[in-house]
Amino acid sequence: MSEENEKRLDENLNIDTSSEDYIDESVLASQRSEKSADGLFEDLIADVSETMDKEDIEYIKKAYEIAREAHEGQFRRSGEPYIIHPVQVAKILYGLGMDSESMIAALLHDVVEDTELTKEDVKKDFGEDVAELVEGVTKLGKVPLFTKEEQQAENVRKMLMAMSQDIRVIIIKLADRIHNMRTLAFMRPHKRREKAQETLEIYAPIAHRLGIRGVKEELEDLAISYLDPVAYKEIQTLLEQQQSKRKEYLDNIQKKINDRIKQVVPNCSITGRVKSVHGIYRKMYMQGKDFDEIYDIYAVRIIVDDVIDCYNCLGIIHDMFKSIPGRFKDYISTPKANMYQSLHTTVVGEGGIPFEVQIRTWEMHRTAEYGVAAHWKYKLGMNGKQKFEEKFSWIRQLLESQTVSENPEDIVHTIKTDLVQEEVFVFTPKGSVISLPAGATVVDFAYAIHSAVGNRMVGAKVDGRIVPIDYEVKTGEIVEIITSSQQGKGPSRDWLKFVKTSGARNKIRSWFKKERRDENILEGKLEIEREFRRNFIRLTDDEYEKFILMIAQRQRFTTPDEFYAAIGYGGVSLNKMMPHIKDEYVKIYRQPEEKQEDVIKITKPQQKRSKSNDGVIIEGIENCLVKFSKCCSPLPGDNIIGFITRGHGVSIHKRDCTNVPKVIELCDEPERWINATWDSDVKEEFTATLSITCLDRVGLMADVSKVIADMRVMIYGINTKSKKDGRASIELTLAVNGIEHLQGVMAKILKINGILDVERA
């Protein structure tokens, strides 16, 4: 890549590689006002004239005239004519080296949505491909969904579907998002945060997966500047304070490396760069490191002609400087999922200052800088389509995984997790390399090989030794999956709690969806009944059937059984839906809120309160016999109520106990329910039962007992049970003095190795 092309990329992406600073928005606004849309477009034409033929240029001019006329009278929030936005998007695409069709689509990308022009009009003037690109970039229309998150998820799904047909759709969308982010200062504060969050969680990870480094880093830096402006400014200040020192340090290192390497590899390029603001932010504020502890703030990049020269240069670097153990990565032999290839090593220079060295060939460098856009920049375009599709099969996998789940938000969750994670490279016993996100387990590994392997998995070996089913794999390990030949053997629902990849999660759900339909329906019904009781939703049989059918149809199911099954195998999250379901219930079956207030309260006259012997104050009754109900086992800190029993004093329940009526006034004997509160000085001990789910291993019970003993907590009962999937359940009955004490005990137990979940029974 020539220096001129490098400079043009940085100018069009608005990246200042010397300081990583961004121009203030007010300055940008004044610069924009100095040049009209026609002036900006003339600059674009002057640029494209160097690389495109006359026919393509005429089509670009025609697209501009149509867009300018269609957007006549429309303005952005900044006050500038709207047409400036599509021109700027086209300029960004030119900087990425995209073709004329992409630039035409960029100029027209808002006409179908915001003007009277239709897709057919675009197709008539510019052909099917441009019309499809414009359609793919256009946002999804309004759909009847519950939440804004679901609306966003549908937009992303539509965009990915268009990407699977033509990858240029997302490159245009990324260019559109870059310009929107550059002018975000003109939007209202809450909108800025929404757009910045969406950019950081969705568009930056996609740019990363496409390998377009400049786009990814600018989107991340701009997003952080709005989401955490104080931290962003702090990092900028730290970089500015060291700017002259940094330049001198990098220049000195470059000269030393250059003098040594050019004796062995004459035709090479050596440059220095500084880590992006967002990259530093992640390590400072998300990993808790000091600025001085970040090893790869400084980086030297060596670009050579051949792969063999990469390894020769690596040997020279390690001979010149002391390497930091564990900081070498070979992405040439094991490329990243976004096709990135390079050697990375971190070494210590003069003054004990560490810096990273990246070594790659020119072809690897083009891929690293432009990613998928390099296919058009270097005239490859859509040629070699089969190979091209193989490299971006992850798009199809995203869409396929979403078809398994009925929850549209899963696709956004997948982008936030799978596409942005650091990777580990794990080997099969035959030597094949499997790439997984950091934190992935042996179950993720099994499903990455094949869904049949995951479904029949009963255990795993790592480097020859048996490991727990939730073991997290590490780079370089050899993993062997142990499978069962037993018919009907399948995955465990508990695996959904710890698998890392959406692929594994969706394949497990898919198995339960196909193989356990009756079981799923029953599980779904039970979960709905539990949630309805917990949220005090009470309906007659006829009302219940109508209500469930309405909710199911809103989620695009034709029958309640389909809805139950989806809840049962995890395709639909009932927890997320419950607030909306409760709102519908109140709207259809309950009185207006203002009329309920008087009913919900216990309308007994205020009477003198006195303390009982058990640390509970019963309204209007002194020194009465108090017992704590076993159905909910209330503890100090719980919201409680009393029930006057016949001959056994007052029974104390939690307010949300299933045996306590929601509306006291409407129950059969409202006079028997009485207000009760905990005395502020209560010091009595109470029993509570914990339900613990864990991996079955030798010594686990001893570890649990030791933790509880160290906290000086008395154990009154233990009940354990082993399961076939290598897990166990433990029920502990303990003595505690309140809800906070119990929560502290639960937190300590949860930290024990092998404990998966702790709940109050």
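It should be noted that the structure appears before, not after, this text.
Report follows, based on the coordinates. Remember, predicted model here, so these are calculated numbers, not experimental data. (Residues numbered from 1 in each chain as written. Predicted model: local features only at pLDDT ≥ 70, side-chain atom pairs only at ≥ 80, totals over all residues. Heavy atoms only, no water.)

Along the backbone of the chain there are 32 helices and 21 strands. Counting only residues that meet the buried cut, the chain has 49% of its 761 residues in that class. Considering only residue pairs separated by 6 or more positions, the chain has 66% of its internal contacts joining residues 24 or more positions apart. Carbon together with sulfur atoms contributes 48% to the accessible area of the chain, which is approximately 37,500 Å² in total. (Helix = DSSP H or I, 4+ residues; strand = E, 2+ residues; numbered from the N terminus. Buried < 20%, exposed > 50% of the residue type's maximum accessible area, 1.4 Å probe, protein only. Contact = heavy atoms within 4.5 Å. Areas by Shrake-Rupley, 256 points an atom, 1.4 Å probe, with all protein chains shown as cover.)

The geometry of helix 12 (residues 189-210) relative to helix 13 (residues 213-227) is characterised by a closest axis approach of 9 Å and an angle of 160 degrees between their N-to-C directions. With respect to each other, helix 12 and helix 13 are oriented roughly antiparallel. When you trace helix 12 past helix 13, the crossing you get is left-handed. Here helix 12 contributes R192, R193, A196, Q197, T199, L200, Y203, A204, A207 and H208 to the contact with helix 13, which in turn contributes V215, K216, L219, E220, A223, I224, Y226 and L227. For the contact of helix 12 with helix 13, the per-class residue count stands at 11 nonpolar, 3 polar and 4 charged. (Axes fitted to C-alpha atoms, helices over the stretch in contact; angles between N-to-C directions. Parallel < 35°, antiparallel > 145°, perpendicular 65-115°, else oblique. Left-handed = near helix turned anticlockwise from the far one by under 90°. Nonpolar A, V, L, I, M, F, W, Y, C, P; charged D, E, K, R; others polar.)

This part is about the nonpolar core. Counting residues in hydrophobic clusters, the biggest one holds 97 residues, and the most contacted among them are L93, L108, L174, I257, I261, I302 and F355. V426, Y471, F498 and Y564 belong to the second-largest nonpolar core, a separate cluster that totals 48 residues. (Core = buried A, V, L, I, M, F, W, Y, C linked by side-chain atoms within 4.5 Å.)

Let us look at the sheet that holds strand 20 (residues 727-736). Ordered by their spatial adjacency, 4 strands build an open sheet running 19-20-18-21, and the pairing between neighbours is antiparallel. Both edges of this open sheet fall to strand 19 (715-722) and strand 21 (755-760), since each of them pairs with a single strand only. Here the strands of the sheet are splayed against their neighbours by 20 degrees on average, with no regard to which way each runs. In this sheet, strand 20 lies alongside strand 18 (residues 686-695) in antiparallel orientation, the contact comprising 10 bridges. (Pairing = 2+ DSSP bridges.)

The subject of this paragraph is the sheet that holds strand 10 (residues 465-467). In space, the 3 strands of this open sheet follow the order 10-9-11, with antiparallel pairing throughout. Strands at the two margins of the open sheet, each flanked by one partner only, are strand 10 and strand 11 (479-483). Here the average twist between neighbouring strands, direction ignored, is 40 degrees. Here 5 bridges tie strand 9 (residues 457-462) to strand 11, and the two strands are oriented antiparallel to one another. Paired with K461 across the two strands is E480, which belongs to strand 11.

Along the polypeptide, R182 turns up in helix 11 (residues 168-182). For the pair R182 and L219, spaced 37 residues apart in sequence, the C-alpha to C-alpha distance is 9.0 Å.

Another point: helix 18 (residues 362-370). Among all positions of helix 18, only M364, H365, T367, A368, E369 and Y370 are buried. Of the residues flanking the end of helix 18, it is G371, one or two places downstream, whose phi is positive at about 60 degrees.

Before going further, it helps to spend a moment on the side chain of E477. With respect to the secondary-structure elements, E477 resides in the loop between strand 10 and strand 11. In this structure, E477 is buried with no salt-bridge partner, the nearest side chain bearing the opposite charge being K474 at 4.5 Å. At a separation of 2.9 Å, a polar atom in the side chain of E477 contacts the main-chain amide nitrogen of K474. If we ignore the near neighbours within four places in the chain, the residues touching E477 are V426, F427, V462, D463, Y471 and E472. (Lys, Arg positive; Asp, Glu negative; His and termini not counted. Salt bridge = Lys/Arg side-chain N within 4 Å of Asp/Glu carboxyl O. Polar contact = N/O pair within 3.5 Å; in protein donor to acceptor, adjacent residues only side chain to side chain.)

Below, the discussion takes up unusual backbone geometry. The bulk of non-glycine residues show a negative phi, and the bulk of peptide bonds are trans. The backbone of D463 sits at a positive phi, close to 50 degrees, despite the residue not being glycine. Counting through the fold element by element, D463 comes out in the loop between strand 9 and strand 10.

This brings us to the packing of aromatic side chains. Following the criterion strictly, the structure yields 9 aromatic pairs and no others. For the ring pair F547 and Y585, a centre distance of 6.5 Å and an interplane angle of 70 degrees mean the geometry is edge-to-face. Of the two residues, F547 is situated in helix 27 (residues 541-554) and Y585 in helix 29 (residues 574-589); the sequence distance between them amounts to 38 residues. Judged by centre distance (5.8 Å) and plane angle (50 degrees), the ring pair of F557 and F563 falls under tilted. F563 carries the same exposure label as F557, and that label is buried. Members of the aromatic cluster, connected to one another through ring pairs, are F532, Y544, F547 and Y585. The side chain of K62 reaches across the aromatic face of F126, ending 5.6 Å from its centre. (Phe/Tyr/Trp six-rings, centres within 6.5 Å; stacked < 30°, edge-to-face > 60°. Lys NZ or Arg CZ within 6 Å of the ring centre and 35° of its normal.)

Shape descriptors only; they carry no functional weight alone.
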